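The primary structure of each chain is shown beneath.
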Amino acid sequence: AQKVTQAQTEISVVEKEDVTLDCVYETRDTTYYLFWYKQPPSGELVFLIRRNSFDEQNEISGRYSWNFQKSTSSFNFTITASQVVDSAVYFCALSDPGTAGNKLTFGGGTRVLVKP
Amino acid sequence: NAGVTQTPKFQVLKTGQSMTLQCAQDMNHEYMSWYRQDPGMGLRLIHYSVGAGITDQGEVPNGYNVSRSTTEDFPLRLLSAAPSQTSVYFCASKGGHGAYEQYFGPGTRLTVT
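Residues numbered from 1 in each chain as written. Chains lettered and ligands numbered in written order. Predicted model: local features only at pLDDT ≥ 70, side-chain atom pairs only at ≥ 80, totals over all residues. Heavy atoms only, no water.

J.: Where do I start with the interface of chain B and chain A in this structure?
T.: Interface size, as often reported, equals the accessible area lost upon joining of the parts. Counting residues at the interface gives 16 residues for chain B, matched by 18 residues for chain A. Counting the surface lost from both chain B and chain A, the interface buries some 1500 Å², and carbon and sulfur atoms represent 59% of this. Contact with chain A buries surface across chain B, with Leu-43, Tyr-100 and Phe-104 of chain B losing the most and accounting together for 37% of the total. There are zero salt bridges connecting chain B and chain A. Run the count over chain B and chain A and you get four residue pairs in polar contact (both at pLDDT 80 or more). (Contact = heavy atoms within 4.5 Å. Buried area = accessible area lost by both parts, 1.4 Å probe. Salt bridge = Lys/Arg side-chain N within 4 Å of Asp/Glu carboxyl O. Polar contact = N/O pair within 3.5 Å; in protein donor to acceptor, adjacent residues only side chain to side chain.)

J.: Help me understand the side chain of Asp-86 of chain A, please; the structure alone is not making it clear to me.
T.: Residue and element names in this part refer to chain A. Within the secondary structure layout, Asp-86 lies in the loop between β9 (74-79) and β10 (88-95). Side-chain polar atoms of Asp-86 contact the side chain of Arg-63, separated by 2.8 Å. For Asp-86, the side chain forms a polar contact with the main-chain nitrogen of Gln-83, separated by 2.7 Å. (Helix = DSSP H or I, 4+ residues; strand = E, 2+ residues; numbered from the N terminus.)

J.: Can you walk me through the sheet that holds strand β1 (residues 4-7) of chain B in this structure?
T.: Sheet strands pair via backbone hydrogen bonds, and the direction of the pair is either parallel or antiparallel. All names here are of chain B. Judged by pairing direction, the sheet is antiparallel, and its four strands sit side by side in the order β1-β3-β8-β7 without closing on themselves. Two strands close off the open sheet at either side, each with one partner strand: β1 and β7 (64-66). The sheet shows a mean angle of 20 degrees between the axes of neighbouring strands, taken without regard to direction. (Pairing = 2+ DSSP bridges. Axes fitted to C-alpha atoms, helices over the stretch in contact; angles between N-to-C directions.)

J.: It is not clear to me how the packing of aromatic side chains should be interpreted in this structure. Could you clarify?
T.: Given two aromatic rings, one states the distance between the centres and the angle between the planes to describe the pair. Counting across every chain of the model gives 21 aromatic pairs over all chains. For the ring pair Tyr-25 of chain A and Phe-68 of chain A, a centre distance of 6.4 Å and an interplane angle of 35 degrees mean the geometry is tilted. Of this pair, Tyr-25 of chain A sits in strand β4 (residues 24-26) while Phe-68 of chain A sits in strand β8 (residues 64-69), and the two are 43 residues apart along the sequence. Taken as a pair, Tyr-25 of chain A and Phe-68 of chain A share a single burial class, namely buried. A centroid spacing of 6.0 Å and a plane angle of 50 degrees characterise the contact between Tyr-37 of chain A and Phe-106 of chain A, whose relative ring orientation is tilted. Taken as a pair, Tyr-37 of chain A in strand β5 (residues 33-39) and Phe-106 of chain A in strand β11 (residues 104-106) lie far apart in primary sequence, 69 residues in all. The burial state of Tyr-37 of chain A is the same as that of Phe-106 of chain A; both residues are buried. Each residue in the set Tyr-25, Tyr-32, Trp-36, Tyr-64, Trp-66, Phe-68, Phe-75, Phe-77 and Tyr-90 of chain A is aromatic and connected to the rest through ring pairs, giving one cluster. The ring of Phe-74 of chain B has Arg-68 of chain B sitting right over it, with the charged end atom 6.0 Å from the ring centre. (Phe/Tyr/Trp six-rings, centres within 6.5 Å; stacked < 30°, edge-to-face > 60°. Buried < 20%, exposed > 50% of the residue type's maximum accessible area, 1.4 Å probe, protein only. Lys NZ or Arg CZ within 6 Å of the ring centre and 35° of its normal.)

Written out as C-alpha cells, the structure is:
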C-alpha cells in the first residue's frame, strides 16, 4: 500500500522567510509520480508540480523549489522569500503506479501561515 | 472553458436521506474521480472512472455510488446519508496519455445531521 506522510501540520513564518515543507512517501513500485498541490483559504486545489520517480533532477521555478531524493523517499518543497499570499494548506501526493497521475494518495497536508 | 464544475456548493442532509453530487468537466478529459477531504487526513479517493461506462472503487467507496454515462459528467450518489459522510467532496479530471496533473472542482461541503 502507498502512504504519504507530512509530519508538519502547521508552519508559521514571517513574510520573506523561507519555508520548507517535508514529504516522505512509501511505495513498493519502481515507477511512480509525486505531486504538490496548494489549497488556499478559498478552498480550491491548485496543482503546483509533478515529478517522475526516474527523474531526480531538482528544480526551481520562481520562488518555489523542490528537492526529490529517491534514496530517502522524500520530496520536499521550499518557498523562498514567502509572501502573505503563500498562506495555504499544501498537500504532497503520490500516484498509483503506472497510471501517470491517476489515483492519488495524499498526505495530511501542512498549513502554512505567512504573517506580514 | 469552465473547467471542472460541482453543484451544489453546500448541502445539509438528514441521516438516511439520499442525494447526488454533480460534477461536470468541459475539457474532454478521460479520467474523472471523486475525493473526500476530512480534517488532518488529506484527500481520499472514493471512486474513479477512466472513461465513459467504466468506473472503479477507490480507497473509501462504501456508501457511495457512481456512474459515467458521458465523458463530461460523473455524479456521486449517496444512497442513505450518514453523519460519517460529513465532509468536503472534490471532483477531479485528468486528460489521457501524457497528461499528469488532475484538475479539481471547487468542492461541495456536505453536512449530515
